[in-house]
Each structure stands twice: as C-alpha cells, then as structure tokens.
Amino acid sequence: MADDPHALFEEWLAEARLAEPNDPTAMALATADAEGRPSVRMVLMKGHDERGFVFYTNLDSRKGGELAANPGAALLFHWKSLRRQVRIEGPVEPVTEAEADAYFATRARDSQLGAWASDQSRPLESRAAFEARYEEVRNRFEGRDVPRPPRWSGWRVKPERIEFWSDRAHRLHERRLFARSGEGWSEGLLYP
Ligand SMILES: Cc1cc2nc3c(=O)[nH]c(=O)nc-3n(C[C@H](O)[C@H](O)[C@H](O)COP(=O)(O)O)c2cc1C
C-alpha cells in the first residue's frame, strides 16, 4: 500500500481511466466568496504532481473571482464505476504564465477560440450573440496561432488534506486520511 498520497492518487486515477466511461479527470471544485458563501462546479484536472492539482479557467469567472478573494478550495473526484471518492482541500496559487501558455497551446483550436469568445459566468443575451462572437474571434485569428487570452489561466490546489474513500460491504466504507505534516504526510483512518 502506498503511503504517499500522490502515488496512491496516481494509482486510483490510472484505474479510473480504465473504468470510467468518460471524464476520469472531472472533479468538483468548491470555492467560497469573501463572506464564506460556498459554490461548486465541475472542472477537469489538467495536471497533478507533488505540488498539487491544476485546472484551467477564466480568471474573471465566478470561481476566478471567489478564488482571488478567498484563495482556498476543495476538490472532489467521484469515480462511480469504482465506488470511490477522493477529497482534497488546501490553498490555491496561480500557475505560472509559462505553464498556462504551454497547456493552452495543447488545446484544440476550437477550444482556444472558445476561450476568447466566452465571457465566462457573465450574463449572455442570446445564443446567437455568443455564436457571433465566436465567428468574430475565428476571423480575427484566421491563418495564425491563437494566443492565450490574458484572463485565461490555471490554478493549483496545494493539498493539506487528501482523503481516499472506498466502498465496502454493509456501509463499512474505508476512509484513509492523509494530512500535511511538515514536509511529509501523516496518515490515519476515519470512521465512515
Ligand atoms: C465535466 C465538466 C468539466 C468541466 N471542466 C471545466 C474546466 O476545466 N474549466 C472551466 O472553466 N469550466 C469547466 N466546466 C464548466 C464549469 O462546470 C462551469 O460551468 C464554468 O466553469 C463556470 O463556473 P463559475 O461560473 O462557477 O465560474 C466543466 C463542466 C463539466 C460538466
């Protein structure tokens, strides 16, 4: 059994990639505004290592505003087919410009254009208005690489707690909690 939560996470993610019909990297991202009011939505995890878990988004979106005001987050992976969940909590930090550029460059061109066309989380007058904006950016970048929009980037959640939950018979589920302790981790179990 791994006693490094990052190694254990990689093992579980590898199993999820085989078992889940789609989006094994989908995770719920919970944030809170300056008054502590929570909100949650799904995002895709686009990077993971000892430093933390990375996702990308529009910095002016609702989540972006909440993270700027209150830079802590919780993540939840739920792999239904495996009957497992992983809960992660910790402060967030922005990824570097270079990291965001490198990831943006790997996105499909249509997604890159979409990032320019969407004022994420702002009221939208009509679907047609959005499509018109998409056409406008498509024309603007015709024949050249699409640069990363200045307000589109990533955040890294730096875990202080990572809990691995797995289903067991009779609701005697297993919960393994790893908590940051200095440079390492302490591990314990929780009642289900
Ligand atoms: C499976 C799934 C994956 C998603 N991945 C992302 C993502 O990686 N980044 C993102 O900004 N929105 C993603 N979304 C859309 C968000 O859930 C959300 O609608 C959007 O980011 C606006 O959220 P906000 O208004 O709270 O900022 C995803 C939605 C789903 C259902």
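Residues numbered from 1 in each chain as written. Predicted model: local features only at pLDDT ≥ 70, side-chain atom pairs only at ≥ 80, totals over all residues. Heavy atoms only, no water.

Trainee: How would you explain the pairing of strand β4 (residues 52-58) if you had to name every residue and give the values?
Mentor: Counted residue by residue, β4 has seven buried out of seven residues, so it is predominantly covered. Sheet topology note: the strand β3 (residues 47-49)/β4 ladder contains three bridges and is antiparallel. Bridge pairing links G47 to V54 in β4. Hairpin geometry of β3 and β4 is characterised by an intervening segment of two residues between the two adjacent antiparallel strands. (Buried < 20%, exposed > 50% of the residue type's maximum accessible area, 1.4 Å probe, protein only. Helix = DSSP H or I, 4+ residues; strand = E, 2+ residues; numbered from the N terminus. Pairing = 2+ DSSP bridges.)

Trainee: Residues and numbers for the environment of R175, please.
Mentor: Summarising the element assignment, R175 is placed in strand β9 (residues 174-181). As a C-alpha pair, R175 and M45 span 130 residues in sequence and 22 Å in three-dimensional space. A polar contact is formed between the side chain of R175 and the side chain of E163, at a distance of 2.7 Å. One polar contact links the side chain of R175 to the main-chain carbonyl oxygen of Y191, over a distance of 3.1 Å. (Polar contact = N/O pair within 3.5 Å; in protein donor to acceptor, adjacent residues only side chain to side chain.)

Trainee: Describe the pairing of strand β1 (residues 26-32), and please don't skip the residues or the numbers.
Mentor: Most of β1 is tucked away: six of the seven residues are buried. Sheet topology places β1 next to strand β2 (residues 38-44); seven bridges connect them, and they run antiparallel. Looking across to β2, one finds that A30 is bridged to V40. Hairpin connection of β1 to β2: five residues between the antiparallel strands, including G36 at a positive phi of 85 degrees. Strand direction decides the pairing type here: β1 and strand β5 (residues 72-79), joined by three bridges, are antiparallel.

Trainee: Quick rundown of the nonpolar core? Include the residues and the values.
Mentor: Core analysis: the largest hydrophobic core is formed by 25 residues, its most contacted members being F9, F77 and V86. Residue contributions to this core peak at five residues, all from helix α1 (residues 5-19). In contact with F9, other than residues within four places in its own chain, are M45, H48, F53, F77, W79, V86 and F164. (Core = buried A, V, L, I, M, F, W, Y, C linked by side-chain atoms within 4.5 Å. Contact = heavy atoms within 4.5 Å.)

Trainee: Hey, could you go over the packing of aromatic side chains for me, with residue numbers and the actual values?
Mentor: Applying the stated rule across the entire model yields twelve aromatic pairs. Centre to centre, the rings of Y56 and W152 are 5.4 Å apart; their planes meet at 10 degrees, and the pair counts as stacked. Residue Y56 is located in strand β4, and its partner W152 is located in strand β7 (residues 152-157); the two are separated by 96 residues in the primary sequence. Taken individually, Y56 and W152 each receive the classification buried, so the pair is uniform in this respect. On the basis of an interplanar angle of 15 degrees and a centroid distance of 6.1 Å, the ring pair of Y103 and W152 is categorised as stacked. With Y103 in helix α3 (residues 97-106) and W152 in strand β7, the pair connects residues that are 49 residues apart, well separated along the chain. With respect to class, Y103 is no different from W152; both count as buried. (Phe/Tyr/Trp six-rings, centres within 6.5 Å; stacked < 30°, edge-to-face > 60°.)

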